[in-house]
Structures are given as C-alpha cells and as structure tokens.
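Each chain, written out:
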Amino acid sequence: MRDTVIKDKGTQKHVEAFVSKLRRRQVVGSHATAIETVLLLRQVISTARFNTLDQLVTIVKAAGRQIIEAQPKEHSIGNIVRKVLRLIREEFNAAATAAGATSSPTSTPPARATQLPPPTPASAVVPPSSSLSNFVLLGHPRSNQSLAVEQASQGHPRQGSGHGEHSEEFKAMSVKPALIDAIKDVIDELETVYDGVAKNARDHIHADEIILTIGKSRTVEAFLKSAAHYRKFTVIVAETAPSFSGRDMAQSLSASGISTVLVPDSCVYALMSRVNKVILGAHAVLANGGVFAISGSLIAAAAARAHATPVVICTGQYKFTPLWNLYHEYAAVDFGDPAQVLAAKDSEGIDMDKVDIVNPYYDYVKPELVDVLITNEGDHPPSYVYRVVKEAYDEEDSDL
Amino acid sequence: MATEATTSRPHRSSTLRAVVIPEGSSPGLLEVPRKDSGNTGFAAEDQFDVYSAYKRLLSDELLPMPVAAILVLTEVVANSKAATMYELVEGLKDAAAVLKSKYSNQVGLTAGCDLFIRYVTTARQDFSRDFSHHKAELVRQGKEYAETAQSSRDKIAEHAFGFIKEDAILTHSYSRVVMQALLKANRRKRISVYVTEARPKGLGMKTYNALTAAGIPCTVILDSAVAYCMDKVDLVLVGSEAVVESGGLINAVGTLSMAIIAKAANKPLYALAESYKFLRFFPLSQYDLPIDNSSLLTLPSQKPTAPRHSLTLASPMTPRAVQSQSVPEMSQEQIAKNPEVDYTRPDLITLVFSDVGILTPDGISSFLVGVFAD
C-alpha cells in the first residue's frame, strides 16, 4: 500500500533510509528528527504528483505514518507532519481564493462554484459561518478579519472535496512553489529555535541567582549562555546518571564563563533550599502542559515544589504535541540501554536471572509541577498549552 | 448532572417546591401559584405562553435544560411580532425572565437563554430581505443547533475514552453524559464503577441499574463513604449542570466534597459538560449561585424547647434493635433546607471534556469570552 502512495522511487528510498536510521537510533533527539522530517517531507512534496488537495494530503500522511511508526516516541515527527499538513491546506485555500478572485470579474459560473459550498437554498441565504453551532465553536465574529478566518476554517473540508470536481479551476501543482517556500520557513524556524527561546533569557534570570538544571538540553544551554551575556549567576548541574550528560553540560557552561557546580543527582533535594530557579529542557510537551524530560527531571521538579522553587521549562514550540494522556503508557518514557545502569563486566557474582535492569529515559513531569514554559514564541503557563496546540494544528490531523 | 431533565422535574411540581420557595420572600420574582398553563399572567409575547411551552419540551426526558430553553426561545422568535432587532431581543429577554422566575434553580435555563440571546444579538442580518425572514432564519438556526446538540455527548464520550484505562471509576449520582462515556469505555475496556447513592434523590441507583444492565461491575456507596472509597479508584468522572467562567462547575450536591477528597488523594477528576452548559457567571462561593437559597440551611429562630431525643436515639450507646426501629428520618422540610447543587472550584478539576474539545479549567473563561465578549 505504501509503495503505491509515494510514486517517486528515489523519494521512497529516502523515506526508507530515514526510517531505518530512526530504528537504529542513528538519529536521536527531537530537534534532529524534526529537521530531518521536514527536509524529507519537503522532498516528498516536491516530487509528488497530485491533482487535488486530498491526494497531496494522503501522500504526506502516508510518508508521515511510515516515519512515525519507525520511532513512535519521537513526538516531534508527528508535530512536524501535522504542521506541514496545515501549511498544505493553507496554501490550497489561498490559491483557491486567489483563483476565485481573478476569475470572478469575468463572472463565469464555475468560478463561483469553487467558492461556495454546494448550493442549498438555506446556506445561500446565510453563510454557514453564522450558524449557532459555529457561533458556539468559534465565538462571535468581532471583525472582518475573524470572519475571514471563520470562513477559511469552514472552507477546508468543503473545498477539499470541491477541487476534485473543479480541478481545472487552478492547477493544483501550481501551489507547489508557495508550499515549498512555506516549508522553508518551518526549516528556518527549526534552525533558529535555540536563539528564539534564548532571546528573552535575561528577563528570566536575575543577577547572582542560583539555577539548577539537569541533563544536557541544547535549548537550556543556549538559554543560559544568552543570559550570561547580561548577568552573573551560578548554575548547579546534576550529573544525570546513567547518561551523565550533565557532565558535558557543566563543561560547556563553564567554558563560556558561567560559574558552574557539578553535583551528583542524589543531592538535588539537599541543595534545593539554596536554588532560586530550576530550568529544565523537554523532550515533548503534552497538551495538558505536562512534560516529558530526561529522567531525573521529576526528582528536581518535585524537590522544587517542596521548596516552592519555580520550575521553568525551555522548549521550542515544535515539541508541543496534541496528545493528552501519554502518561498512561508505561512505555511512553522510552527505555535506554540497561548496560548503562549495570554493565556486563560489573555484573559478576550477580545472578542476572533474578535482576531486572530498567533504564527509563524520560520522566513525565506533571503540569502542576511546572510554573512556566519558555518557548521561541513566547512564555506560556502549562494550562495554556492546549490552546497553542489547538491553534497550531488542524483538528483532523490529531490522529495521523 | 442529570438534575435537569430526568430527575428534579417531578419534584418541581410537588410539595417540595412549595417549601423551597418561601411565600412572600420576593413576591415579584417568584410566582408561587401556577395552577396550570395558559394564564401565566405576563406571557412575554402577548399570547405565547413560555412556561408551558418549556414544560412541554422538558417532558422529553432526553432534552437537556439549556437546549429546551433555546427551543422555547426559538418559539418566542417565531411568535414574535417584533419588527426591529431591539424589540425582538427585548422580547426574548422578557421571556427568559419569565422562565427564570418559575424556577429556584435557574442554572441550566440561564445557560441556554444567554447563549441564544447572545447569538441573536450578534447574528449578521441579511438586510436585503425583510425582518421576518431574518427571524425565520434565527428559528431555523436554533432548531438546527438543538438537533446537533444531541450529538455532543458522543464527542465527549470520545474524549473521555482516551483517558480511561482498565480503571476503577468513581462517579456521582446520575448523569447522561457520564453514562454515555462509561458505556462507550465498557465496549473496549474492562472498567468497574463506584457510584454514590446521592441522597435525597437516590439517583445513584439509577446509574447502578443502568450500568449493571450493561454488564459493568458497579457498586453503590454511601455519600458518606466517598473518602473511604477514594483509595480504590483511579479517576473520578462527574457530569455537570453548568460550567462557570472560573472553570468550576455546578453539579448535584456532593460533587464538591467528592472533588476535595479526590484532590487530597491526588486522583484526577474529570468533568464532562456539553458546551451549551457553559455559563457566563463567576461565583466566588457556594452562596453566589443563581439559585434562590433564602431558605437553605436556615436555623430555627428560637432554641428548640423539646429535648433533642433524636440525638440520644442515634447515639452509638443505643441498643441496635431500638436504633433500627426508631431513628427518625429526615422530613421533607428538613431535606428542603438542603441545597440541590453545589459549586466545585476550578482548582479541584483536572480537565473539562466538552464537545468543543478538552479544556483546562482556565480554558473555560477564554471560551466564554470568545462567545460573549464584545
């Protein structure tokens, strides 16, 4: 089935190559996978042949599904696919509107037909956007702008089906250049995401503060380094067993002149009374505001709560995921190599049949433990995440 | 909660009502005598009797109160002789006021009326046609919405489905939307349910019967056993009569205590509410609800003269046999001093599932602002 959807053989090969890279964990981390995904989708779109919106959406979804199945715990893949799908619909909509506008002066009847839903006597009288259920859903139209948004969102499903019939109205393929440009913006955004998050760092960190962080998040790293241009502060970094990524973090921070203290994970609670702020990175942010972050984050967040220390999450907005209840899934935390916890050479004299070694990679940090999420597009309380998610992706894509 | 259609209605016309509304407490507001329809005195739109129309609509068990209110108002529009928007809206407001004056608990009614009136005031009018045409369109929209409103419970059940694992669930009293969510979950997951008896109406038994009939293991617990039960459950599902702007909810009495206990035990509490139950209203305490509470929890004006024999009888010292025979039951008057609904604060609610999506309690106010703010 898959092979029939993506026609271009070279592209399909690229998709499969990426899939096997993900399976072998040669590409890890939400940022790296996000960038690879969007590059791949760009290729999929540029080689795709399609006549209608639906066809293109099907192709992109098929490619997306293959990648997601390869690594279902990298939520940024799904987010990027959803984002691209949203862009596709937007570009088609814009093209359809433009086509309607250019051909309406000539007042050809078929041009009107693409613009309007199938003419029923009632909907011809009052536009569909003013029905009471839409009113409930979208709020009341305050200005022409919101009216346009309403109609655009109304237009999605209808025009999708409409283009099958009126494909000659505008050439579907002509949308491609604009679409590729739009995807380029997504790539740019991903490439500058660290700067985006870090740009307001100095508003969040004050002079002589003591910050605690855990693991090596590139977002947090950029954030702290950006703040260091303006302030002097101290960072306590927990080693973060068993990956010990905290050691790299400490090295990197001290190399850029930040006074850094490396501590074992076990003393996070004891030190918390001196800490002014806990800053954590994220793997994925759920719609309820809960966060998947490197294991150890939950200890830090819980200790912070005990001392009423604020917990700040630094994350790019592409990590916001339209899922609510992943924390039900035990496996959602992903598991690392058990040898990191107890290597085979150290296990002499231990009856390994009687010992299970588990190395969960992520912690789920409940939204109640998070004070604010700092993103490349502003700071949000955890309770607001669901709204950002709702605005960023189309509802129909929440299940890919 | 189920209160609206299925349950409280029988009480409305019974003796209980007469006690709840003390005569003369606010003579202008509450019309105590209402022998029968037809002569409501001030039917807003001259000849049209809103109250009996509303009662007629509510006799359909499945119709929720706010939707019934919307349908009544569409009938008001249909019967209206108004030639301008202003007249029409005034007529609707009058009709809503008449309806509200008939009930001590106006929560669901208000939500429906406010929504429809707001819709009428903001709906774009097609000025190329005359006003009667616009009115017809409003009526059509109202009726269409009432039909689609029925499907909102499916959507809510769908949302709730993702949050239910093979869980023990605690619920309170009877709610149609909770029932639908539970029955849906039961199709694919093994769930078990604890339900409170929910005195004095005892609607928990209705839940129990329906769930048992569907093959879901279900146990009725005393309202006073919620705390005892809480450690055994994984999550709490409650319906609601209205969700207010603070993100809190108004629901059958007992919900608040259940929510406080759930919070204390760190169990999630999910509220299920259709969007037409969202009410633009910001209560700060239990006593702010749009409910006539002048007679609730009143204390006797003078010290009771008779010895409190009820107390001695109920004390644990009493021999069991005597106790079972002669503990006096609560009288109707005593029950009537108790509230039907309470207000659950937003900080006790984990999430609200509604047909417009899954919302955090904070999200309710932004939704309401979207609909009601200028």
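Residues numbered from 1 in each chain as written. Chains lettered and ligands numbered in written order. Predicted model: local features only at pLDDT ≥ 70, side-chain atom pairs only at ≥ 80, totals over all residues. Heavy atoms only, no water.

Colleague: What is the right way to look at the overall build of chain B in this model?
Modeller: Looking only at helices and strands, chain B features 16 helices and 11 strands. For chain B, the proportion of its 374 residues judged to be buried stands at 53%. In chain B, of all internal contacts separated by at least 6 residues, the share reaching a separation of at least 24 is 77%. (Helix = DSSP H or I, 4+ residues; strand = E, 2+ residues; numbered from the N terminus. Buried < 20%, exposed > 50% of the residue type's maximum accessible area, 1.4 Å probe, protein only. Contact = heavy atoms within 4.5 Å.)

Colleague: I'm lost on the interface of chain A and chain B in this one. Help?
Modeller: Interface size is often expressed as the accessible area that is lost when the parts come together. With 27 residues of chain A at the contact, the number on the chain B side is 36 residues. Across the chain A-chain B interface, the total number found is 0 salt bridges. Linking chain A to chain B there are 5 residue pairs in polar contact (both at pLDDT 80 or more). For the side of chain A that touches chain B, the elements supplying multiple residues, two or more each, are helix H7 (121–125), helix H8 (132–138), helix H9 (144–165) and helix H17 (385–392) of chain A. Among the elements that take part in the side of chain A that touches chain B, H8 of chain A stands out by supplying 5 residues, more than any other. Taken together, the residues of the side of chain A that touches chain B sort by class into 12 nonpolar, 9 polar and 6 charged. (Salt bridge = Lys/Arg side-chain N within 4 Å of Asp/Glu carboxyl O. Polar contact = N/O pair within 3.5 Å; in protein donor to acceptor, adjacent residues only side chain to side chain. Nonpolar A, V, L, I, M, F, W, Y, C, P; charged D, E, K, R; others polar.)

Colleague: Looking at this model, I keep getting lost on helix H16 (residues 297–306) of chain A. Mind explaining?
Modeller: Residues and elements named next belong to chain A. Within the sequence span of H16, burial applies to Ser 297, Ala 300, Ala 301, Ala 303 and Ala 304. Angular distribution of buried residues about the axis of H16 spans 165 degrees; they occupy a single face of the element. On its buried face, H16 is in contact with strand S1 (210–214), helix H15 (268–271), strand S4 (277–280), strand S6 (291–294), strand S7 (311–314) and strand S8 (362–365). Looking one or two residues beyond H16, the residue adopting positive phi is Ala 308, at roughly 55 degrees. (Arc of directions from axis to C-beta.)

Colleague: Before we go on, may I ask you to explain the state of the cysteines in this structure?
Modeller: When the sulfur atoms of two cysteines share a covalent bond, that bond is a disulfide. Residues and elements named next belong to chain B. Evaluation of the coordinates by the stated rule reveals 0 disulfides over all chains. There is no disulfide at Cys 229, and the cysteine sulfur nearest it, in Cys 218, is 11 Å away. Residue classification places Cys 229 among the buried positions, given a relative accessible area of 5%. (Disulfide = S-S within 2.5 Å.)

Colleague: Is there a simple way to think about the nonpolar core in this case?
Modeller: One recurring pattern in soluble globular proteins is that nonpolar side chains are buried together. Counting 107 residues, the largest nonpolar core has Tyr 54, Phe 116, Leu 170, Leu 237, Leu 272, Phe 278 and Phe 353 of chain B as the members making the most contacts within it. Counting residues per element, this core draws most heavily on helix H4 (residues 65–79) of chain B, at 10 residues. Excluding residues within four positions of it along the chain, Tyr 54 of chain B makes contact with Met 65, Ala 68, Ala 69, Val 72, Leu 99, Tyr 103 and Leu 109 of chain B. Residues Val 27, Val 60, Leu 179 and Val 193 of chain A belong to the second largest nonpolar core, which totals 44 residues. (Core = buried A, V, L, I, M, F, W, Y, C linked by side-chain atoms within 4.5 Å.)

Colleague: Would you take a moment to explain helix H10 (residues 176–191) of chain A for this structure?
Modeller: Since one α-helical turn is 3.6 residues long, residues separated by three or four positions face the same way. All names here are of chain A. Helix length check: H10, at 16 residues, gives a terminal C-alpha distance of 22 Å against a target of 22 Å (1.5 Å per residue), a fit within 8%. Along H10, the residues classified as buried are Lys 176, Leu 179, Ala 182, Ile 183, Val 186, Ile 187 and Leu 190. End-on view of H10: buried residues confined to an arc of 150 degrees, all on one side of the axis. Opposite the buried face of H10, by more than 90 degrees, sit the exposed residues Pro 177, Asp 181 and Asp 185. (Expected span 1.5 Å × (residues − 1).)

Colleague: In this structure, what is going on with the layout of surface pockets? I would like to understand it.
Modeller: Left-over empty space is what a probe sized like a water molecule reveals as it rolls over the atoms. Residues and elements named next belong to chain A. Volume-wise, the second largest pocket comes out at about 1300 Å³. If you go around the second largest pocket, you meet 40 residues; those closest to its centre are Pro 322, Leu 323, Trp 324, Ser 398 and Asp 399. Here the lining of the second largest pocket is built from residues that sort into 17 nonpolar, 9 polar and 14 charged. (1 Å grid on protein atoms, 1.4 Å probe; cavity = no way out; pocket = protein on both sides within 12 Å on 5 of 7 lines; lining within 4 Å. Points joined across faces, edges and corners; volume = space filled by probe spheres on them.)

Colleague: Help me understand the packing of helix H5 (residues 85–101) of chain B against helix H6 (residues 107–122) of chain B, please; the structure alone is not making it clear to me.
Modeller: Packed helix pairs are specified by the crossing angle of their axes together with the interaxial distance, meaning the distance between the axes. Residue and element names in this part refer to chain B. The N-to-C vectors of H5 and H6 enclose an angle of 180 degrees; their axes lie 10 Å apart at closest approach. Classed by the angle they form, the pair H5 and H6 counts as roughly antiparallel. Contact residues: Met 85, Leu 88, Val 89, Leu 92, Lys 93, Ala 96, Leu 99 and Lys 100 in H5; Leu 109, Thr 110, Cys 113, Asp 114, Phe 116, Ile 117, Val 120 and Thr 121 in H6. Class assignment of the residues belonging to the contact of H5 with H6 gives a composition of 11 nonpolar, 2 polar and 3 charged. (Axes fitted to C-alpha atoms, helices over the stretch in contact; angles between N-to-C directions. Parallel < 35°, antiparallel > 145°, perpendicular 65-115°, else oblique.)

Colleague: In this structure, what is going on with the environment of Ile 6 of chain A? I would like to understand it.
Modeller: Residue and element names in this part refer to chain A. Here Ile 6 is to be found in the loop between helix H1 (2–5) and helix H2 (9–23). The spacing of Ile 6 and Thr 58 is 52 residues in sequence and 9.5 Å in space, taken between C-alpha atoms. If we skip the residues at most four places from it in the chain, Ile 6 touches Thr 11, Gln 12, Val 15, Ile 59, Ala 63 and Gln 66.

Colleague: I keep staring at the sheet that holds strand S1 (residues 168–171) of chain B and nothing clicks. Help me out?
Modeller: One key point about sheets: their strands pair by backbone hydrogen bonds, in either a parallel or an antiparallel sense. All names here are of chain B. Pairing within the open sheet is mixed, and its 7 strands lie in the order S3-S2-S1-S4-S7-S10-S11. Two strands in the sheet have a free side with no partner beyond their single neighbour: strand S3 (218–221) and strand S11 (357–359). The sheet shows a mean angle of 25 degrees between the axes of neighbouring strands, taken without regard to direction. Bridge count between strand S7 (residues 269–272) and strand S10 (residues 351–354): 3 bridges; the pairing is parallel. Bridging across to S10, Ala 271 finds its partner in Val 352. (Pairing = 2+ DSSP bridges.)

Colleague: Quick question: what am I supposed to make of the domain arrangement of chain A here?
Modeller: Residue and element names in this part refer to chain A. Domain boundaries in chain A define domain 1 (9–99 + 168–186) and domain 2 (205–391). Centre-to-centre, using C-alpha coordinates, domain 1 lies 30 Å away from domain 2. Taken residue by residue, the interface counts 11 residues in domain 1 and 17 residues in domain 2. With both sides pooled, the region where domain 1 packs onto domain 2 buries about 1100 Å², and carbon together with sulfur makes up 48% of that total. Among the residues domain 1 hides against domain 2, the three largest losses belong to Lys 73, His 75 and Asn 79. Together they make up 48% of the total. Inspection of the domain 1/domain 2 interface yields 2 salt bridges. (Domains from an automatic or database assignment. Buried area = accessible area lost by both parts, 1.4 Å probe.)

Colleague: How should I be thinking about the environment of Pro 381 of chain A in this particular structure?
Modeller: Residues and elements named next belong to chain A. If you trace the backbone, Pro 381 turns up in the loop between strand S10 (378–380) and H17. Remark: the alpha-carbon pair of Pro 381 and Gly 289, spanning 92 residues in sequence, is separated by 7.7 Å. When residues no more than four places from it in sequence are discounted, the contact partners of Pro 381 are Asp 371 and Leu 373.

Colleague: Teacher, can you tell me more about the sheet that holds strand S5 (residues 242–244) of chain B here?
Modeller: Residue and element names in this part refer to chain B. Reading across from one edge, S8-S5-S6-S9 is the order of the 4 strands in this open sheet, with mixed pairing throughout. The outermost strands of the open sheet, each flanked by one partner alone, are strand S8 (278–279) and strand S9 (341–344). As paired strands, S5 and S8 are joined by 2 bridges and run parallel to one another. What sits directly across from Val 244, in S8, is Leu 279. Against the sheet, helix H12 (residues 255–264) engages strand S6 (249–252) and S9, with an angle of about 30 degrees to S9.

Colleague: I tried to follow the pattern of salt bridges on my own but got confused; where do I start?
Modeller: Two side chains carrying opposite charge are able to pair once their charged atoms lie near each other. The tally for this structure, following the rule as stated, stands at 27 salt bridges over all chains. The partner of Asp 346 of chain A in a salt bridge is Lys 345 of chain A, with the nearest N and O atoms 3.6 Å apart. Of the residues examined, Asp 346 of chain A reaches a relative accessible area of 44% and is grouped as partly exposed. For Lys 345 of chain A, a relative accessible area of 64% translates into the label exposed. Between Arg 280 of chain B and Glu 245 of chain B there is a salt bridge, and its shortest N-O distance comes to 3.5 Å. Taken as a pair, Arg 280 of chain B in the loop between S8 and helix H13 (309–314) and Glu 245 of chain B in the loop between S5 and S6 lie far apart in primary sequence, 35 residues in all. Connected through shared salt-bridge partners, Lys 61, Arg 86, Arg 89, Glu 90, Asp 394, Glu 396 and Asp 397 of chain A make up one network.

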